[in-house]
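Listed below are the residues making up each chain.
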Amino acid sequence: MRFGMHISTAPGLTKLADYAAEIGARTYQIFVDSPSTWSYGEYDPEKARAFVERRRELEQCPLVVHTGYLINLSSDNKETAEKSRTALAKEFAKATLVGADYLVLHPGKHMGRGRQRGLELIVEGLSAVFDELPADVEQPLLLLENSEGSGTCLGVGFDELRSLLDGLAEGGRRAGICLDTAHLWGAGYDLSSRESTRRVVDEFAGTVGLEHLHCFHLNDSLKELGSRTDRHAYLGEGEIGLAAFRELVNDARLENCAMILEKTGENKTHSKRLIAELEALRD
Ligand SMILES: [Zn+2]
Ligand SMILES: [Zn+2]
């Protein structure tokens, strides 16, 4: 099982892999652009290649790219929906350039048109983006991240995640799932004990299938179970508590999942300690 963290790319791609090694991250997540804007800069291909090479030397994998927050393939605003497709295609291009294994996407919001219609529009949008991806380049696997269920967010229950994968003709090949523990908790999945956490994984296995699960965002939550709100906390410092995380890192069925802390430390030493503490939860 590989443990890591979300890491800022602000210092530049060239320093990223060594920084990750220093804090003990064997896998990590990055944004390839500012997540709250529609703007997309270009990567210097040389630097991108050097980053891929350095990761290989340091045996850091998988690399997870988290897409921007503005993307909503099921928006009722035509312009936003189109912008979202273009943005997602750009995320794919940049993620491919840095050799990312996974591209994480928040499924979207239905904005009042109903859950079923919203899910259909996401499938339509994703299929259109997949169709345009260059066939001769290996693409990262798109991971749909579960939502805590605020507002009209989709992808809250495992049934919705299943229906999204089912809707994609090649769902099993092009897309998979990333589970965020704070979002599970917000959506009402009980992670308060090892037993209840195991039951949640069992339910996912029965509804979606563990072969589709590739990544966890390990976040504790400042809010109560079923709050439909997402407020991340350090593990053990929120309402979920350590039992859930102890259960997840010791579940042999999840051995191949990338275990990523999204709440970064206040500095390098703190980040290193957070990853070490996570690893120490292994029996
Ligand atoms: Zn996310
Ligand atoms: Zn979150």
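Rules behind the numbers
Residues numbered from 1 in each chain as written. Chains lettered and ligands numbered in written order. Predicted model: local features only at pLDDT ≥ 70, side-chain atom pairs only at ≥ 80, totals over all residues. Heavy atoms only, no water. Helix = DSSP H or I, 4+ residues; strand = E, 2+ residues; numbered from the N terminus. Rg over C-alpha atoms; globule rule 2.2 N^0.38 Å. Buried < 20%, exposed > 50% of the residue type's maximum accessible area, 1.4 Å probe, protein only. Contact = heavy atoms within 4.5 Å. Donors = N, O, S within 2.8 Å, 3.2 Å for Na, K, Ca; no water. Pairing = 2+ DSSP bridges. Axes fitted to C-alpha atoms, helices over the stretch in contact; angles between N-to-C directions. Core = buried A, V, L, I, M, F, W, Y, C linked by side-chain atoms within 4.5 Å. Salt bridge = Lys/Arg side-chain N within 4 Å of Asp/Glu carboxyl O. 1 Å grid on protein atoms, 1.4 Å probe; cavity = no way out; pocket = protein on both sides within 12 Å on 5 of 7 lines; lining within 4 Å. Points joined across faces, edges and corners; volume = space filled by probe spheres on them. Nonpolar A, V, L, I, M, F, W, Y, C, P; charged D, E, K, R; others polar.

Caption draft 1: The overall build of the protein, seen in detail. Counting its regular elements, the protein contains 10 helices and 10 strands. Over its C-alpha trace the protein gives a radius of gyration of 18 Å, about what one expects of a compact globule, namely 19 Å for 283 residues. Based on the C-alpha atoms only, the size of the protein along its principal axes is roughly 45 × 45 × 30 Å. Taking all 283 residues of the protein together, the buried fraction comes to 52%. Excluding contacts between residues fewer than 6 apart, the proportion of contacts in the protein whose partners are at least 24 apart in sequence is 75%.

Caption draft 2: Examining the coordination of the zinc ion (ligand 1) more closely. Only His66 (NE2), His106 (NE2) and Glu145 (OE) from the protein reach the zinc ion (ligand 1) as donors, at distances of 2.1 Å. Within one chain, the residues serving as donors to the zinc ion (ligand 1) are arranged as H-x39-H-x38-E. A separation of 5.3 Å is found between the zinc ion (ligand 1) and the zinc ion (ligand 2). With His66 in strand 3 (residues 63–66) and Glu145 in strand 5 (residues 141–145), the pair connects residues that are 79 residues apart, well separated along the chain. Look at Glu145 and you get buried, because its relative accessible area is 1%.

Caption draft 3: Region of the structure containing the coordination of the zinc ion (ligand 2). Around the zinc ion (ligand 2), the protein contributes the donor atoms His183 (NE2), Asp230 (OD) and His232 (NE2), at 2.0 to 2.2 Å from the metal centre. Written as a sequence motif, the donor residues of the zinc ion (ligand 2) are H-x46-D-x1-H. Assessed through its relative accessible area of 23%, His232 is described here as partly exposed.

Caption draft 4: Examining the sheet that holds strand 6 (residues 175–180) more closely. One closed barrel accounts for 8 strands, arranged 1-2-3-4-5-6-7-10; its pairing is parallel. The mean angle between the axes of side-by-side strands here comes to 25°, regardless of whether they run parallel or antiparallel. Pairing of strand 5 with strand 6, which is carried by 4 bridges, proceeds in the parallel orientation. When the sheet's bridge partners are listed, Leu144 is paired in strand 6 with Ile177.

Caption draft 5: Structural detail: the nonpolar core. Residues Tyr28, Leu88 and Leu126 are the most contacted members of the largest nonpolar core, which totals 74 residues. In terms of residue count, helix 4 (residues 115–132) provides more of this core than any other element does, 6 residues in total. Here Tyr28 is in contact with Met5, Ile7, Leu16, Ala17, Ala20, Phe51, Arg55, Gln60, Pro62, Leu63, Val64 and Ile260, once residues within four sequence places are set aside. In this structure, Val64, Tyr102, Val104 and Cys215 belong to the second largest nonpolar core, which totals 9 residues.

Caption draft 6: Broad picture of the pattern of salt bridges. Applying the stated criterion across every chain, the model contains 16 salt bridges. For Arg56, the salt bridge is made with Glu53, and the minimal N-O distance between the two is 3.3 Å. With Arg56 and Glu53 both in helix 2 (residues 45–57) and 3 residues apart, the pair spans about one turn of that helix. When its relative accessible area of 35% is taken as the criterion, Glu53 is described as partly exposed. For the salt bridge of Arg282 with Glu255, the shortest nitrogen-to-oxygen distance reads 3.3 Å. A residue pair is termed long-range when its members are at least 10 positions apart, and Arg282 in the segment after helix 10 (268–279) and Glu255 in the loop between helix 9 (242–249) and strand 10 (258–261) qualify at 27 residues.

Caption draft 7: Quick look at the layout of surface pockets. Put simply, the largest pocket is a space of about 260 Å³. Every residue lining the largest pocket is counted, 20 residues in all, and those nearest its centre are His106, Gly108, Lys109, Ser147 and Cys153. Split into classes, the residues belonging to the lining of the largest pocket amount to 6 nonpolar, 10 polar and 4 charged. Taken as a whole, the second largest pocket holds about 220 Å³ of empty space. Contributing to the lining of the second largest pocket are 16 residues, with Tyr234, Leu235, Gly236, Leu274 and Glu277 lying nearest its centre. For the lining of the second largest pocket, the element with the most residues is helix 10, which contributes 5 residues.

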